Amino acid sequence: MSTSARYDFDTVIDRRGTWCVQWDGVADRFGVDGLLPFTISDMDFATAPEVLTALRARLDHGVLGYTTWQQDDFRSAVAHWYATRYSTEVDTGRLVYGPSVLSQLSQLLQMWTAEGDGVVVHTPTYDGFRKAVTGLGRELRGVPLGDTDALERELARADAKVFVLCSPHNPTGRVWTEDELREMDALARRHGVAVISDEIHADFVHDGYRHVPWTRIGGDGRWAVITSGSKSFNFPALTGSYGFIGDPADRAEFLRRMETAEGLASPAVLSLTAHIAAYREGAAWLDAARSYVAGNLALIAERLNGAFPELEWEPPQAGYLAWIDLRPLGVGAGAGAGGGAGGDGVDDEALQRVLIEREKVAIMPGAVYGAPGFLRLNAGCPRSKVVAGVEALVRGVGVVR
């Protein structure tokens, strides 16, 4: 039996009425209930059966008391994952833990920056970064993806203190090469800027590409990796993330803040259980899920390019989020940062109205990430849903063109 045949990704699981943000919370962002959602980045698949078995066993124990993450079962599972997935030996003495990747980001920003300092990111930008940075009173400074000269200019500013790297990149799915990462590291060191590498999408890199963990890049510089198995194995509702911090004093300060100022000495035991099971036993499920999603993305490419050859759309290098540039079709042409019309072509808001009111689908507009004229469509779902979504998108674009 093939790996993919061992797992069922085609069966639709009804998530409505489960307090699900993607399905039950769609009206909060789009103003209408009952839309078919392709929005927040979780998947419509049940997590790996190996993870569910471990969770059931832990619940059957019956005692859910205070827990520690600083134990060998968790540390060794993380080390095993990095060794087998990335051929990378990690120092588990550098491990830290937190309730989420964004909470870790917030804590590191508070450690390494002051109000008004500059935080550099690539554009388009994951909106969680924008909210974390601006919510703390720091200045978000974007540089176009792949523009090394612009990156150096921003890192060279006297008040630039942190570079937040998304590796692989959200929303584009870009996988950075080792040479690119080493160039970013050299620039950050040259200008005394700390690096925070968000690697939560790393496990979903597609065939032909390779994720290089920042733990292999950062050396003795000031850096942190923040990540979680929750994205790859689809258990974000359990909470829980971990990371690595290079400098021992920084690591000690981070742990002190988490355990005292934040009162987070005890992690969620089910998250620890899920991570250990996923990293020890879940590789086959993840590979099957990644292969299935690659098929979804190939379907999207075939349908979009068949309907609109000028798009020449290609699937992302990592992840299950289809980042679709509709500007060749006139969508977003001349649009401002808010996504409204500002020149020739069709504004993003007109397309969103058609998708919501006529097609009854919710697809994230690129303006959320600072990129009018784009859409981000979540393909982490059964193929039947992907078909419904891409057909709705093709019809919707046809209406507004």
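Peer 1: Residue-level account of the packing of helix H4 (residues 72-86) against helix H11 (residues 269-281), with values.
Peer 2: The geometry of H4 relative to H11 is characterised by a closest axis approach of 9 Å and an angle of 35 degrees between their N-to-C directions. Crossing hand, H4 versus H11: left-handed. Contacts between H4 and H11 pair Asp 73, Phe 74, Ser 76, Ala 77, Val 78, His 80 and Trp 81 from the former with Leu 272, His 275, Ile 276, Ala 278, Tyr 279 and Arg 280 from the latter. The residue makeup of the contact of H4 with H11, split by class, is 8 nonpolar, 3 polar and 2 charged.

Peer 1: How would you summarise the sheet that holds strand E9 (residues 321-325) if you had to cite specific residues and measurements?
Peer 2: The pairing of strands in a sheet happens through backbone hydrogen bonds and is either parallel or antiparallel. Read across the open sheet, the 4 strands follow the order E1-E10-E11-E9; overall the sheet is mixed. For this open sheet the edge positions go to strand E1 (36-38) and E9, each flanked by a neighbour on one side alone. Between one strand axis and the next, the sheet turns by 35 degrees as a mean value, whatever way the strands run. Bridge count between E1 and strand E10 (residues 361-365): 3 bridges; the pairing is parallel. Paired with Leu 36 across the two strands is Val 361, which belongs to E10. Lying on the sheet, helix H14 (residues 383-400) is in contact with E1, E9, E10 and strand E11 (374-378); it crosses E1 at an angle near 90 degrees.

Peer 1: Help me get a handle on the pattern of salt bridges, residues and values and all.
Peer 2: Scanning the entire structure with this criterion turns up 27 salt bridges. Close ionic contact of Arg 157 with Glu 154 constitutes a salt bridge, the shortest N to O distance being 3.2 Å. Under the relative-accessibility criterion, Arg 157 is labelled partly exposed at 36%. Note that Arg 210 and Glu 178 form a salt bridge whose closest N and O atoms lie 3.5 Å from each other. On the criterion of sequence distance, the pair formed by Arg 210 in the loop between strand E6 (194-198) and strand E7 (223-227) and Glu 178 in helix H8 (residues 178-190) is long-range, its members being 32 residues apart.

Peer 1: Describe the pairing of E6, listing the residues and the values that go with them.
Peer 2: The buried fraction of E6 amounts to 5 of the 5 residues, a majority that puts the element mostly inside the structure. Residue alternation in E6 divides its side chains into two sets, Ala 194, Ile 196 and Asp 198 and Val 195 and Ser 197, and both sets are buried. Bridging between strand E5 (residues 160-166) and E6 involves 5 bridges; their strand directions are parallel. Following the sheet pairing, Val 162 is matched in E6 by Ala 194. As for the winding sense of the linkage, the β-α-β connection from E5 through H8 to E6 is right-handed. Pairing analysis gives 4 bridges linking E6 to E7, with the strands arranged parallel. Residue pairing across strands places Ser 197 opposite Val 225, the latter belonging to E7.

Quick notes on the rules
Residues numbered from 1 in each chain as written. Predicted model: local features only at pLDDT ≥ 70, side-chain atom pairs only at ≥ 80, totals over all residues. Heavy atoms only, no water. Axes fitted to C-alpha atoms, helices over the stretch in contact; angles between N-to-C directions. Helix = DSSP H or I, 4+ residues; strand = E, 2+ residues; numbered from the N terminus. Left-handed = near helix turned anticlockwise from the far one by under 90°. Contact = heavy atoms within 4.5 Å. Nonpolar A, V, L, I, M, F, W, Y, C, P; charged D, E, K, R; others polar. Pairing = 2+ DSSP bridges. Salt bridge = Lys/Arg side-chain N within 4 Å of Asp/Glu carboxyl O. Buried < 20%, exposed > 50% of the residue type's maximum accessible area, 1.4 Å probe, protein only. Right-handed = clockwise from strand over helix to strand, strands pointing away.

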